[in-house]
Amino acid sequence: MLFEEVVRAYEKIESTASRLEMRDMLADLFSGASCDELKTIVYLTTGRLCPEFVDMEFGVADKQILKAIYEATRVDMGHLEALYRKTGDLGAVAAMVLMEKKQSSLFTESLTVEGLRAALEELSKKSGKGSQQYKSRTLAGLFHSASPVEAKYLARILVGKMRIGVAVMTILDALTVVFAGDENRQAVERAYNITSDIGLVAEILCTKGVEALKDLRVQVGHPLKAMLAERLGDIGDIMQKMGGRAAFEYKYDGLRMQVHIDKGAPEGGKIKMFSRQLEDLTPQFPELHHWILNAFEEEKGIIEGECVPVDITTGEFLPFQVISRRRGRKYGLDGAIEEFPVKLVLFDVLLSGDKEMIDLPFPERRKELERVIGPNERVDLSTILITDNTDEAQSFFMEALASGCEGLMTKSLADDSVYRAGNRGWIWIKYKKEYRSEMVDTVDLVVVGAFAGKGRRADTYGALLMASYNPEENRYETVCKLGSGFDDSHLSLLPEMLKPYLQKAKDRRVESIMEADYWFSPGLVLEIIGAEITHSPAHTCARDVLKEGAGLSIRFPRFTGRFRDDKGPEDATTSQEIVQIYRAQLKKT
Ligand code: AMP
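Predicted model, so just to flag it, every value in this text is computed and none were measured.

A. Layout of the overall build of the protein chain. Counting secondary structure elements, the protein chain contains 21 helices and 21 strands. With an accessible surface of roughly 26600 Å², the protein chain has 48% of that area assigned to carbon and sulfur atoms. On the protein chain, the mean spot of the 78 positive side-chain charges and the mean spot of the 91 negative ones are 3 Å from each other.

B. Inspection of helix H5 (residues 77-87) at higher detail. When we look at burial in H5, the residues that qualify are Met77, Leu80 and Leu83. Taken end-on, H5 shows its buried residues confined to a sector of 125°, consistent with a single buried face. What points out from H5, more than 90 degrees from its buried face, is the exposed set Arg85 and Lys86. Once H5 ends, the next one or two residues include glycine 88, with phi positive near 70°.

C. Spatial organisation of the packing of aromatic side chains. Across all of its chains, the model carries 13 aromatic pairs by this definition. Consider the rings of phenylalanine 397 and tyrosine 431, whose centres lie 4.5 Å apart with planes at 40°: the pair is tilted. Placement of the pair is phenylalanine 397 in helix H19 (residues 390-402) and tyrosine 431 in strand S11 (residues 424-432), with a sequence separation of 34 residues. With relative accessibility at 0%, the residue phenylalanine 397 sits in the buried group. Here the aromatic cluster, defined as three or more aromatic residues joined through ring pairs, consists of Tyr250, Tyr252, Phe317 and Phe396. Lying over the aromatic face of tryptophan 426, lysine 241 brings its terminal NZ or CZ to 4.3 Å of the ring centre.

D. Structural context of the environment of glutamine 394. Inspection of the secondary structure puts glutamine 394 in helix H19. The exposure class of glutamine 394 is partly exposed, given its relative accessible area of 26%. Setting aside its immediate chain neighbours within four residues, glutamine 394 contacts Ile235 and Tyr431.

E. Seen up close, the state of the cysteines. Taken as a whole, this structure holds one disulfide when the rule is applied. Here cysteine 35 is linked by a disulfide to cysteine 206, with a sulfur-sulfur distance of 2.0 Å. Handedness here is read from the sign of the S-S torsion; for cysteine 35 and cysteine 206, about -80°, the answer is left-handed. In this pair, cysteine 35 sits in helix H3 (residues 35-45) while cysteine 206 sits in helix H12 (residues 198-207), placing the two residues 171 residues apart along the sequence. Cysteine cysteine 307 remains unbridged, with the sulfur of cysteine 405 as its closest cysteine sulfur at 14 Å. On the basis of relative accessible area, cysteine 307 is assigned to the buried category, the value being 0%.

F. Inspection of the pattern of salt bridges at higher detail. Going through the model one piece at a time under the given rule, you end up with 39 salt bridges. Residues lysine 39 and glutamate 203 are paired through a salt bridge, measuring 3.3 Å at the closest nitrogen-oxygen approach. Within this pair, whereas lysine 39 is found in helix H3, its partner glutamate 203 is found in helix H12, the two being separated by 164 residues in sequence. What makes glutamate 203 partly exposed here is its relative accessible area of 25%. Close ionic contact of lysine 300 with aspartate 354 constitutes a salt bridge, the shortest N to O distance being 3.3 Å. Of this pair, lysine 300 sits in strand S5 (residues 300-309) while aspartate 354 sits in the loop between strand S6 (342-352) and strand S7 (355-356), and the two are 54 residues apart along the sequence.

G. View of the site of the ligand. The immediate surroundings of the ligand are formed by 13 residues, with Glu249, Arg256, Glu306, Lys411 and Lys430 found nearest. Arginine 276 places a side-chain nitrogen or oxygen 2.9 Å from an oxygen atom of the ligand. Glutamate 306 places a polar side-chain atom, nitrogen or oxygen, 2.5 Å from an oxygen atom of the ligand. Expressed as a share of its isolated accessible area of 500 Å², the protein-covered part of the ligand is 88%. When contributions to the shell around the ligand are tallied by element, the ones reaching two or more residues are strand S2 (246-251), strand S10 (407-411) and S11. In terms of residue class, the shell around the ligand is made up of five nonpolar, no polar and eight charged.

H. Summary view of helix H7 (residues 113-125). Taking 1.5 Å of rise per residue, the 13 residues of H7 would be expected to cover 18 Å, and the 19 Å separating its terminal C-alpha atoms lies within 8% of that figure. Buried residues of H7: Val113, Leu116, Ala119, Leu120 and Leu123, and no others. Mapping the buried residues of H7 onto a view down its axis gives an arc of 130°, with all of them on the same face. Structurally, H7 contributes buried residues whose contacts are with helix H1 (3-14), H3, helix H8 (131-145) and helix H9 (148-159).

I. Representation of the nonpolar core. The biggest cluster of nonpolar side chains holds 73 residues, and the ones touching the most others in it are Tyr10, Phe30, Phe143 and Leu158. A per-element tally of this core places H12 first, with seven residues. In terms of nonpolar packing, the next biggest core, distinct from the first, is built from 29 residues, Val447, Phe520, Leu526 and Phe559 among them.

About the thresholds
- Residues numbered from 1 in each chain as written.
- Predicted model: local features only at pLDDT ≥ 70, side-chain atom pairs only at ≥ 80, totals over all residues.
- Heavy atoms only, no water.
- Helix = DSSP H or I, 4+ residues; strand = E, 2+ residues; numbered from the N terminus.
- Areas by Shrake-Rupley, 256 points an atom, 1.4 Å probe, with all protein chains shown as cover.
- Lys, Arg positive; Asp, Glu negative; His and termini not counted.
- Charge placed at Lys NZ, Arg CZ, Asp CG, Glu CD.
- Buried < 20%, exposed > 50% of the residue type's maximum accessible area, 1.4 Å probe, protein only.
- Arc of directions from axis to C-beta.
- Phe/Tyr/Trp six-rings, centres within 6.5 Å; stacked < 30°, edge-to-face > 60°.
- Lys NZ or Arg CZ within 6 Å of the ring centre and 35° of its normal.
- Contact = heavy atoms within 4.5 Å.
- Disulfide = S-S within 2.5 Å.
- Salt bridge = Lys/Arg side-chain N within 4 Å of Asp/Glu carboxyl O.
- Near = heavy atom within 4 Å.
- Polar contact = N/O pair within 3.5 Å; in protein donor to acceptor, adjacent residues only side chain to side chain.
- Nonpolar A, V, L, I, M, F, W, Y, C, P; charged D, E, K, R; others polar.
- Expected span 1.5 Å × (residues − 1).
- Core = buried A, V, L, I, M, F, W, Y, C linked by side-chain atoms within 4.5 Å.

Read these as layout, nothing more, since geometry by itself doesn't imply function.
Written out as structure tokens, the structure is:
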């Protein structure tokens, strides 16, 4: 099939806003193609040459495309750039100048769909020395032999923006019309949702028919579209919606991760990780790979969870922003792995060995998840509570907030609580308070220990161990590790200021679970502000008072810049006051 035929259809599609018309135009186009061509056309219609989860780039910048248009037309570069600035669409620029130039000349050889695919594939494979020259030459050749309309879509394909307004669902509609019939529309959509590969769906429909498509199974390496949740703002309403009984899970604030495991694959290919947007996260979190392989009991499978930043020493969850500092890193990954450690908290299993799990109700999937996962240092299971009691669910919500989670994710236990890939429904309902309690007041805490600094802080301390005062027991109880809010001058002052208090071992009045690198007798008081107060197993402030085995801790503590040298250590904020701040905070939520 000629590329010209495809772009003529695109032109028509671009000029309509009706989804039905688009569907019919696409159906016309699809029915004239061979199965190989169809696969390519379907991908091209989405502005790609492969499924969304495959990271394939042509590696050409806008400037390079303009240059190729220049090579093909010899229209002044300044003029091309001006046109691009005006339209913001390289496709429009290509079409306009080729139109002007080619009125008098004959088009050279025609471009076929398969010829275009081969050329683009070649382009994407080239990298390294000489590749830019190769790309420029190939692009110039392509634009040279393209008609104005072909050039328009060629440029748009190269930048991945088709601008014809066709949604994936419309492509599925058109495929249904041509190959499956309306009664099979759901089967077509399901196949897409469990493979995220519209080209594969088209290929199977074309080569084997709709019955073969129905046999398509969840496969390692093919990410499923994520199941989504509805939201409600009242736990009573949620309980009612769920039929009076439900599973409540902590809602972790991190990065959703679908992990594909194949222990039999060659080294380096045993784990694949996908984001909710199907981005390949595998190279970004290499330190999790062996923990996952160790935790998972079967030979292969697909599990889903949230990748959350944690403080390794305290086990506390850190805010989502921390993980974003690791995203997309190509350089300095080793440093980032150490600086921003993460944990994978699992909440679902979609394939376990050869058992496809998605059509089983949630309780069965959870049971299988608990069977197949042996939690370890970096892999855990989501905290869950199954209840029909609204008050119990409400206190579980408070606990979730106190542990640094966003709220709860409620999951139906009903027979129809299957994993609905790519669908939002009342099977999952999220419950989060948008309002996050904040510490309005500052607290004054005592420096009782310090941790060695690294890198820029090699000459000073990396973080200080801070404590509140417990007058009843005459004890200093740790509340947080403080590393932010210090400017360079503070940092260089610290060793000198703390020198008078330095001692070989922990002061006997200091209660600490953490092992600091340096210990101080309680003396220096600093003013601190934090985001909120939460339970923490790593700190001793009011330990066991509110929760067995946990103390209170300040999340994201920051030095305000005020050294409270007007205060002695016994004038510092007391542990009892920290309890009061914590309680006031809960009332606000
Ligand atoms: P939202 O991003 O607010 O729409 O909430 C949905 C997201 O919550 C999911 O995509 C997951 O990334 C995340 N999440 C966190 N904890 C859970 C959990 N226990 N079960 C399901 N999703 C969760």
